[in-house]
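Results of the structural survey
Given next are the chains, with one letter for each unit.
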Amino acid sequence: MRERGVEPDVVCYNMIIDGFFKRGDFVKAGEMWERLLREELVFPSVVSYNVMISGLCKCGRFSEGLEIWERMKKNERKCDLFTYSALIHGLSEAGDLGGARKVYEEMVGRGVRPDVVTCNAMLNGLCKAGNVEECFELWEEMGKCSLRNVRSYNIFLKGLFENGKVDDAMMLWDGLLEADSATYGVVVHGLCWNGYVNR
């Protein structure tokens, strides 16, 4: 690019970094990030930080994602919903529920309203950790804010079944207005897994 007299801008860097992450090459993505940081005329944008955080979390490099998040805040870049969602999803998947909670609480405290994707990520983390009571609390909150979709039901049903809460899962199932093939799969598998083959 530079050989042709064209200087890369932040959008170019973002696309290249994202491309490396999509290939699973976090090393090359990191090298390109460091190159961006050394630039004198181009600076990382909120999107740049989000690409790094999301990419690192998807590659399982959660502590590095948190470092980028801290750097983002230190450099006075405003975290947006995408930033928080990527971190919550990544930390929940890694089993770091405390970290996910911390990020969620900061997000809400800063006035960033969660969306259904963010709530689903948090719900999934709570279910995986076996925190059924907190799942119900979040579920109620999601209902009040109209932040439930079919994926939400699938996550919660699966979590209830995996935590042996078959009656609660069936009550949720009975009140379900919309389901997809994954929902049926979750219910069938959950019943069988809990020994209710004929239910």
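Worth saying up front: this structure is predicted, and the values here are computed from it rather than measured.

**A look at the pattern of salt bridges**
Applying the stated criterion across every chain, the model contains nine salt bridges. As a salt-bridge pair, Asp18 and Lys22 come within 3.0 Å of each other at their nearest N and O atoms. With a gap of four residues between them, Asp18 and Lys22 both fall in helix α1 (residues 10–22), about one helical turn apart. Lys22 gets classed as exposed once you look at its relative accessible area, which sits at 67%. Salt-bridge contacts for Arg110 lead to Glu106; the nearest nitrogen and oxygen are separated by 3.1 Å. The class for Arg110 is exposed, based on a relative accessible area of 58%.

**Remarks on the packing of aromatic side chains**
Per the counting criterion, the structure on display carries six aromatic pairs. Judged by centre distance (5.2 Å) and plane angle (75°), the ring pair of Trp33 and Tyr49 falls under edge-to-face. Taken together, the residues span a long stretch of sequence, with Trp33 in helix α2 (residues 26–38) and Tyr49 in helix α3 (residues 46–58) at a distance of 16 residues. Since its relative accessible area comes to 2%, Tyr49 is described here as buried. Taking the centre distance of 5.1 Å and the plane angle of 80° together, the rings of Trp173 and Tyr184 count as edge-to-face. Residue Trp173 is found in helix α10 (residues 166–174), and its partner Tyr184 is found in helix α11 (residues 181–193); the two are separated by 11 residues along the sequence. With relative accessibility at 49%, the residue Tyr184 sits in the partly exposed group. Chaining the aromatic ring pairs together yields one cluster made of Phe136, Trp139, Tyr153 and Phe156. One Lys or Arg, Lys73, reaches over the ring of Trp69 and ends 3.7 Å from the middle of that ring.

**Thoughts on the packing of helix α5 (residues 81–93) against helix α6 (residues 97–109)**
Between α5 and α6, the shortest axis-to-axis distance is 8 Å and the interhelical angle comes to 160°. By the angle class used here, α5 and α6 are roughly antiparallel. Judged by the twist between their axes, the crossing of α5 over α6 is left-handed. Here Leu81, Tyr84, Leu87, Ile88, Leu91 and Ser92 of α5 lie close against α6, whose contacting residues are Gly99, Ala100, Val103, Tyr104, Glu106 and Met107. Across the contact of α5 with α6, the residue classes tally to nine nonpolar, two polar and one charged.

**Digging into unusual backbone geometry**
Even without a glycine there, the phi angle at Glu76 is positive, about 60°. Of note, Glu76 is situated in the loop between α4 (62–74) and α5. Judged by relative accessible area, Glu76 falls into the exposed class, the value being 72%. The phi angle at Ser146 is positive, at roughly 55°, despite the residue not being glycine.

**As for the nonpolar core**
Ranked by size, the top nonpolar core spans 58 residues in total, and within it Ile17, Ile53, Leu123, Phe156 and Phe161 carry the most contacts. What Ile17 contacts, discounting residues up to four positions off in sequence, is Ala29, Met32, Trp33, Val51 and Met52.

**Some details on the packing of helix α8 (residues 132–144) against helix α9 (residues 150–162)**
At a minimum axis separation of 11 Å, α8 and α9 run at an interaxial angle of 160°. Viewed along their axes, α8 and α9 adopt a mutual orientation that is roughly antiparallel. Between α8 and α9 lies a crossing of left-handed hand. Note on element contacts: α9 touches α8 through Ser152, Tyr153, Phe156 and Leu160, opposite Val132, Cys135, Phe136, Trp139 and Met142. Among the residues forming the contact of α8 with α9, the class breakdown is eight nonpolar, one polar and no charged.

**Remarks on α8**
The end-to-end C-alpha separation of α8 is 19 Å, in line with the 18 Å expected for 13 residues at 1.5 Å each. Turning to α8, the residues buried within the fold contact α6, α7 (116–128), α9 and α10. One or two steps after α8, the chain reaches Ser146, where phi turns positive at roughly 55°.

About the criteria used
Residues numbered from 1 in each chain as written. Predicted model: local features only at pLDDT ≥ 70, side-chain atom pairs only at ≥ 80, totals over all residues. Heavy atoms only, no water. Salt bridge = Lys/Arg side-chain N within 4 Å of Asp/Glu carboxyl O. Helix = DSSP H or I, 4+ residues; strand = E, 2+ residues; numbered from the N terminus. Buried < 20%, exposed > 50% of the residue type's maximum accessible area, 1.4 Å probe, protein only. Phe/Tyr/Trp six-rings, centres within 6.5 Å; stacked < 30°, edge-to-face > 60°. Lys NZ or Arg CZ within 6 Å of the ring centre and 35° of its normal. Axes fitted to C-alpha atoms, helices over the stretch in contact; angles between N-to-C directions. Parallel < 35°, antiparallel > 145°, perpendicular 65-115°, else oblique. Left-handed = near helix turned anticlockwise from the far one by under 90°. Contact = heavy atoms within 4.5 Å. Nonpolar A, V, L, I, M, F, W, Y, C, P; charged D, E, K, R; others polar. Core = buried A, V, L, I, M, F, W, Y, C linked by side-chain atoms within 4.5 Å. Expected span 1.5 Å × (residues − 1).

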